[in-house]
Amino acid sequence: MQVQGSIEQRRHLIDEPTRVGAARRDAQQLAREQGLNDTLVGRVGIIATELANNLLQHGGGGELLLQPIVTADSRAIEVLAIDRGPGMGNVDSCLRDGFSTAGTSGTGLGAVRRLAVEFDLHSVVGEGTVVMARIGSLCSQRFGAVSISMPGELICGDRWQLAADGEQMAAIVIDGLGHGPLAAEAAICSAKAFLQAPFDPPHSVIERAHRSMVGTRGAAAACMRTDRQGRVCYAGVGNIAGSMISAEKSQGLASHNGTLGVRLPRMRQFEYQRPSNSIFVMHSDGLSGRWDLARKDGLLHRHPAVIAAVLYRDHRRERDDATVLVFG
């Protein structure tokens, strides 16, 4: 079984040149903490520098997000560069060898793509660009997540977990009531309850999470599970949004009102049939629910980490923690 979950995601605002060096050093330190060898640490530094400089040179500034991608058989560092700049009119030319970003130590996005074990980008003229690079070993499960605390807080009160076992997947997204350490305490209790048996029926996971949070300030949470036959089971309490999206349609997944750890409503588990080539999006109310992947110019076909980053960029509410998990 492969399990991935919330690990500290580091956010660097890249708005002037001195921020580039700080982001590079932090990225390399994170790589060392995760046990990557010297060669990979060097690659992390090159990629963080190149993408941060791109944000300044071409994006008018932006965010660089860093997080470990750790499962039983893989270990990598993910670098996400997010901007609201002019976008790229010709992505292919920007990826061609010899196309270099002025003032950088690398040789442009082509070098980033070669050094990364996973790479993807999404750029729309007039809307901005998201670039994703993972350095290390390849993860067998395709997923992406952004989980960032509200401005002024040092700890995020949201949590997410994802488990995969063959063709089965299970996931939970949790939003601790409020924000800060007390919200994180409640969310961590719920995440631990999920990890005890992630492939239990989702309504059982939610009930277990409720019991684990009694005495905390409580949380909203939603849990889902897929199986080899394409069945999707889903249960949630509170304002976690869930959607199942394919090229043909987008279907919202139903939750109950309430607050886990405080009041558990009479639980009902909802079941769906998964369309082929569909993905799942789950997010806390730190993101507005007013998004539509069909209107985002090919975004549905990008890597889940890129999808998560675009939704975070375009729909984040600044006065709350924000978490979005995308997988399929």
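Worth saying up front: this structure is predicted, and the values here are computed from it rather than measured.

**Q** Hey, could you go over the sheet that holds strand β13 (residues 250-253) for me, with residue numbers and the actual values?
**A** One open sheet accounts for 5 strands, arranged β7-β16-β15-β12-β13; its pairing is antiparallel. Because the sheet does not close on itself, it has two edges, and the strands there are β7 (143-148) and β13. Between one strand axis and the next, the sheet turns by 15° as a mean value, whatever way the strands run. Across 4 bridges, strand β12 (residues 241-245) lies against β13 in antiparallel orientation. Each residue of the ladder has a partner; that of M244, found in β13, is Q251. Set on the sheet, helix α7 (residues 304-315) makes contact with β7, β15 (279-283) and β16 (322-327); between it and β7 the angle comes to about 30°.

**Q** Go over the environment of C156 with me, naming the residues and quoting the values.
**A** Looking at the element boundaries, C156 is found in the loop between β7 and β8 (158-165). Among residues more than four places away in sequence, those in contact with C156 are S147, I148, S149, A184, D321 and T323.

**Q** Give a description of the packing of aromatic side chains that names residues and reports values.
**A** The geometry of an aromatic ring pair is captured by two quantities: the separation of the ring centres and the angle between the planes. This structure, assessed with the given rule, holds 2 aromatic pairs. Relative to W160, the ring of F143 has its centre 5.9 Å away and its plane inclined at 50°; by these criteria the two rings are tilted. With F143 in strand β7 and W160 in strand β8, this pair connects stretches of sequence that are 17 residues apart. Both residues of the pair, F143 and W160, count as buried. Positioned above the aromatic ring of F143, the side-chain terminus of R134 is 5.2 Å from the ring centre.

**Q** Got a sec to walk through the confidence of the model for the protein chain? Specific residues and values, please.
**A** As a note on interpretation, predicted positions should not be read in detail where pLDDT is low. When the pLDDT values of the protein chain are averaged, the result is 92; 95% of them are 70 or greater. The secondary-structure element of the protein chain with the lowest mean pLDDT is helix α3 (residues 91-95), recorded at 68, while α7 shows the highest, at 98.

**Q** Hey, could you go over helix α1 (residues 18-33) for me, with residue numbers and the actual values?
**A** Here α1 contains 16 residues, and its C-alpha end-to-end distance of 23 Å stays within 8% of the 22 Å for a straight helix at 1.5 Å per residue. Of all the residues in α1, the buried ones are V20, G21, A23, D26, A27, Q28, L30 and A31. Taken from the residues just after α1, G35 is the one with a positive phi, measuring 80°.

**Q** Describe the packing of α1 against helix α2 (residues 38-58), with residues and values.
**A** Their axes nearest at 8 Å, the elements α1 and α2 cross at an angle of 150°. In this view, α1 runs roughly antiparallel relative to α2, as classed from their interaxial angle. Crossing of α1 over α2 shows right-handed handedness. The segment α1 lies against α2, with V20, A23, R24, A27, Q28, A31 and R32 engaging V41, G42, V44, G45, A48, T49, A52, N53 and L56. For the contact of α1 with α2, the residue count by class is 9 nonpolar, 5 polar and 2 charged.

What counts as what
- Residues numbered from 1 in each chain as written.
- Predicted model: local features only at pLDDT ≥ 70, side-chain atom pairs only at ≥ 80, totals over all residues.
- Heavy atoms only, no water.
- Pairing = 2+ DSSP bridges.
- Helix = DSSP H or I, 4+ residues; strand = E, 2+ residues; numbered from the N terminus.
- Axes fitted to C-alpha atoms, helices over the stretch in contact; angles between N-to-C directions.
- Contact = heavy atoms within 4.5 Å.
- Phe/Tyr/Trp six-rings, centres within 6.5 Å; stacked < 30°, edge-to-face > 60°.
- Buried < 20%, exposed > 50% of the residue type's maximum accessible area, 1.4 Å probe, protein only.
- Lys NZ or Arg CZ within 6 Å of the ring centre and 35° of its normal.
- pLDDT = per-residue confidence, 0-100.
- Expected span 1.5 Å × (residues − 1).
- Parallel < 35°, antiparallel > 145°, perpendicular 65-115°, else oblique.
- Left-handed = near helix turned anticlockwise from the far one by under 90°.
- Nonpolar A, V, L, I, M, F, W, Y, C, P; charged D, E, K, R; others polar.

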